[in-house]
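Examination of the molecular architecture
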Amino acid sequence: MHANIVTLPGDYIGPEIVAQAVKVLEKVAEKYGHTFSFEECALGGASIDACGVPLTDETLAKCNAADAVLMGSVGGPKWDGVEASRRPEKGLLALRKGMQVFANLRPCTIHPQLAGACPLRPDIIAQPIDIMILRELTGDIYFGKRWRSEDRTAATDEMAYSEMEVERLARIGFEMAMKRRKKLCSVDKANVLECSRLWRETVAKLAKEYPEVEVTYMYVDNAAMQLILRPSQFDVMITGNLFGDILSDESAAIAGSLGMMPSASLGAGTRGLYEPIHGSAPDIAGRDIANPLGTILSGALLLRHSLGLEKEAAAIEAAVTQVLDEGYRTGDIWSEGCTRVGCTQMGDLVAARI
Ligand code: NAD
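In this report, we go over the structure that sits alongside the text. It should be emphasised that the depicted structure is a prediction, and the values quoted were computed from it without experimental measurement.

1. Considering helix 4 (residues 88-98)
Among all positions in helix 4, only P88, G91, L92 and L95 are buried. Burial along helix 4 is one-sided: seen end-on, the buried residues are contained in an arc of 95 degrees. Buried residues along helix 4 sit against strand 1 (2-10), helix 2 (45-51), helix 3 (57-65), strand 3 (68-73) and strand 12 (272-276). Q100 sits one or two positions beyond helix 4 and adopts a positive phi of about 50 degrees.

Right under this line is the structure:
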């Protein structure tokens, strides 16, 4: 197949890690007979430097015309003094909004080779952990009305959801569950919140279309607890923006290393935005020591969710596992007895194992 991929390396370690993911995707294309054309655009601080704004209309138009977008990370101290409305993160928020990606996918798996980095007891992670957290990204309390009293001593934030917003997110969750272990846990606070009651009713209605999927409902406080007590019980978890923000970071802590974690943001079609969950790591930029695996694994998600290339996505994931099995580690995941490698070398090692 032929696919157009826009890359947005961003700032600090962004260009270093995106270059490794592109290298691996090019190897996949060569091996499996595809052609991927990459077009690089500036986002965040890089775009402020080049054009004065963190996201230009031209870049957004290119992203919306592409089959998929692969991003590094944006921001850093160089732009700390820039006025709030033009900061690098604004570029990312505008990109997500402009691409209409409303579903954020955060897979959480523990690579057995990195189990030592997981803060949970070994008996808790003895069962395999493979969770897909699906967080709604464009609604909820983050986008509701805000109010602050004149004397600044009281404030409110409005939580709002419509059936349409819940349904389109839940549908992606059910479709995903069908391709996985056919289990879906919907997380809410329906004992207290009206939005959550709407959420639960909408999920229950949609569940009738997916009789093969085993659906459970969990209050968010219990879900936060269950994630650390018995994480292996979960397959797909769907939840709103606020609860998902918290639970997805909790799941990242369970996995142990920021540098390893990919993410995908999807909309109504197949076009998606793929990025590692970490930031631009200014403290280690320019030294070729960043861990590129979160970005490389985001490339695997891109193949799976935007291009429908499951075999190729699995090949990237297997190559990463193999490199870890062979004992290669970047500094952030290094432990005694392992071979320390840099960012470029890690990219080379994964590409060579495709
Ligand atoms: P960070 O994720 O950049 O770094 C936190 C720590 O983790 C640092 O010690 C860093 O060296 C390390 N780290 C992160 N990624 C790594 C990797 N791939 N390999 C090895 N080590 C890695 O978070 P921060 O320091 O809070 O933020 C730095 C900048 O990134 C800020 O400007 C922030 O706004 C921005 N940021 C951007 C995104 C994004 O683009 N989506 C997300 C989070 C933070």
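2. Some details on the packing of aromatic side chains
Enumeration according to the criterion identifies 3 aromatic pairs in this entry. Here Y161 and W199 contribute two aromatic rings whose centre-to-centre distance is 5.4 Å and whose plane-to-plane angle is 65 degrees, an arrangement assigned as edge-to-face. Residue Y161 is found in the loop between strand 7 (155-157) and helix 5 (163-179), and its partner W199 is found in helix 6 (residues 194-207); the two are separated by 38 residues along the sequence. Accessibility assignment for this pair places Y161 and W199 in one class, buried.

3. Points about helix 3
Where helix 3 is concerned, the buried positions are T59, L60 and C63. Looking down the long axis of helix 3, one finds its buried residues gathered within 100 degrees of arc, a one-sided arrangement. Away from its buried face by more than 90 degrees, helix 3 exposes D57, E58 and A65. On the buried face of helix 3, the contacting elements are strand 1, strand 3 and helix 4.

4. Things to note about the sheet that holds strand 5 (residues 130-136)
The strand order across the open sheet formed by 10 strands is 2-1-3-12-11-4-5-10-8-9, and the pairing between neighbours is mixed. If you trace the sheet from one side to the other, it starts and ends with strand 2 (35-40) and strand 9 (214-219), each paired once. Each neighbouring strand pair of the sheet contributes to a mean axis angle of 25 degrees, computed without reference to strand direction. By the bridge criterion, 3 bridges tie strand 4 (residues 103-109) to strand 11 (residues 262-266) in an arrangement that is antiparallel. Following the sheet pairing, L105 is matched in strand 11 by A264. Contacting strand 4, strand 5, strand 8 (183-188) and strand 10 (236-239), helix 8 (residues 241-255) runs over the sheet at an angle of about 155 degrees to strand 5.

5. Here's the deal with the site of the ligand
Around the ligand sit 20 residues, and of these V74, G279, A281, D283 and N291 come closest. Separating an oxygen atom of the ligand from a backbone N or O atom of V74 is a distance of 2.9 Å. Between G76 and the ligand, the recorded distance is 2.9 Å, taken from a backbone N or O atom to an oxygen atom. For the shell around the ligand, the class distribution of residues is 9 nonpolar, 8 polar and 3 charged.

6. A look at the side chain of R135
Looking at where R135 falls in the secondary structure, it is placed in strand 5. Leaving out residues up to four positions away in the same chain, R135 has contacts with F102, A103, N104, Y142, L169, T239, G240, N241, G244 and D245.

7. What about the nonpolar core?
Within soluble globular proteins, side chains that are nonpolar tend to cluster in buried spots. F36, L70, F174, I238, L293, L303 and I316 are the most contacted members of the largest nonpolar core, which has 62 residues in total. When residues no more than four places from it in sequence are discounted, the contact partners of I316 are V24, L25, V28, I296, G299, A300, L303 and I354. Judged by nonpolar contacts, the second largest core, of 24 residues, contains I133, V220, L227 and F243.

Conventions we followed
- Residues numbered from 1 in each chain as written.
- Predicted model: local features only at pLDDT ≥ 70, side-chain atom pairs only at ≥ 80, totals over all residues.
- Heavy atoms only, no water.
- Buried < 20%, exposed > 50% of the residue type's maximum accessible area, 1.4 Å probe, protein only.
- Helix = DSSP H or I, 4+ residues; strand = E, 2+ residues; numbered from the N terminus.
- Arc of directions from axis to C-beta.
- Contact = heavy atoms within 4.5 Å.
- Phe/Tyr/Trp six-rings, centres within 6.5 Å; stacked < 30°, edge-to-face > 60°.
- Pairing = 2+ DSSP bridges.
- Axes fitted to C-alpha atoms, helices over the stretch in contact; angles between N-to-C directions.
- Near = heavy atom within 4 Å.
- Polar contact = N/O pair within 3.5 Å; in protein donor to acceptor, adjacent residues only side chain to side chain.
- Nonpolar A, V, L, I, M, F, W, Y, C, P; charged D, E, K, R; others polar.
- Core = buried A, V, L, I, M, F, W, Y, C linked by side-chain atoms within 4.5 Å.

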